[in-house]
Amino acid sequence: MWVLAAAKLPRWLPRIVFIPAAMAAFRVGESLFFDTIGVSGDSMADGFALLTGIGYLILALVIHLVAAIVLGVIDVRRWANGS
């Protein structure tokens, strides 16, 4: 099943889908975090509590965006060469 899916989908498509999924997962985690500790998340101190998570989210998004661009360029070059 995965072999068929990998043969039909471009390699960069799962990386593009990862970006909104990562943002949605971060927002759900953020709301669970603030709900669990019982704060609203509106103050500056509450925002600093998520600073590491925001940094990791940005790093993951940049890495996946660069990977999607590289894979897209490779696929376009293959298509242009007729491979």
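Residues numbered from 1 in each chain as written. Predicted model: local features only at pLDDT ≥ 70, side-chain atom pairs only at ≥ 80, totals over all residues. Heavy atoms only, no water.

In this section: the overall build of the protein. Within the protein, the regular secondary structure consists of four helices and zero strands. Traced from its N-terminal end to its C-terminal end, the protein shows the element sequence α-α-α-α. Scored against the burial criterion, the 83 residues of the protein give a buried share of 16%. Excluding contacts between residues fewer than 6 apart, the proportion of contacts in the protein whose partners are at least 24 apart in sequence is 76%. If you sum the accessible surface of the protein, you get close to 6,500 Å²; carbon and sulfur atoms cover 73% of it. (Helix = DSSP H or I, 4+ residues; strand = E, 2+ residues; numbered from the N terminus. Buried < 20%, exposed > 50% of the residue type's maximum accessible area, 1.4 Å probe, protein only. Contact = heavy atoms within 4.5 Å. Areas by Shrake-Rupley, 256 points an atom, 1.4 Å probe, with all protein chains shown as cover.)

With that settled, the discussion passes to the side chain of Glu30. Along the chain, the position of Glu30 falls in helix H2 (residues 13-37). In this structure the side chain of Glu30 is engaged in a polar contact, spanning 2.6 Å, whose partner is the side chain of Arg27. (Polar contact = N/O pair within 3.5 Å; in protein donor to acceptor, adjacent residues only side chain to side chain.)

Take helix H4 (residues 51-81) next. Since the α-helix packs 3.6 residues into each turn, any two residues three or four apart lie on the same face. Along its 31 residues, H4 runs 45 Å from first to last C-alpha, staying within 8% of the 45 Å computed at 1.5 Å per residue. Here H4 has its buried residues at Leu57, Leu61, Ala67, Ala68, Leu71 and Gly72. The secondary structure elements touched by the buried residues of H4 are H2. (Expected span 1.5 Å × (residues − 1).)

Averaged over all residues, the pLDDT of the protein is 77; the fraction at 70 or higher stands at 76%. Of all secondary-structure elements in the protein, the lowest mean pLDDT belongs to helix H1 (residues 2-8), at 59, while H4 reaches the highest, 84. (pLDDT = per-residue confidence, 0-100.)

Take a nonpolar patch on the surface next. Judged by side-chain polarity, Ile54, Ile58, Val62, Val66, Val70 and Ile74 come together as a nonpolar surface patch covering roughly 470 Å² of accessible area. With respect to the helices and strands, Val66 occurs in helix H4. The class of Val66 is partly exposed, set by a relative accessible area of 48%. (Patch = residues over 30% accessible without salt bridge, like charges linked within 9 Å, V, L, I, M, F, W, Y side chains within 5 Å. Salt bridge = Lys/Arg side-chain N within 4 Å of Asp/Glu carboxyl O.)

Checked against the element boundaries, Arg15 lands in helix H2. Separated by 49 residues in the primary sequence, Arg15 and His64 have C-alpha atoms spaced 5.9 Å apart.

Along the chain, Ala22 falls in helix H2. Each C-alpha atom, one on Ala22 and one on Ala60, is 8.4 Å from the other, the two residues being 38 residues apart in sequence. For Ala22, the contacting residues outside a window of four places in its chain are Leu57 and Leu61.

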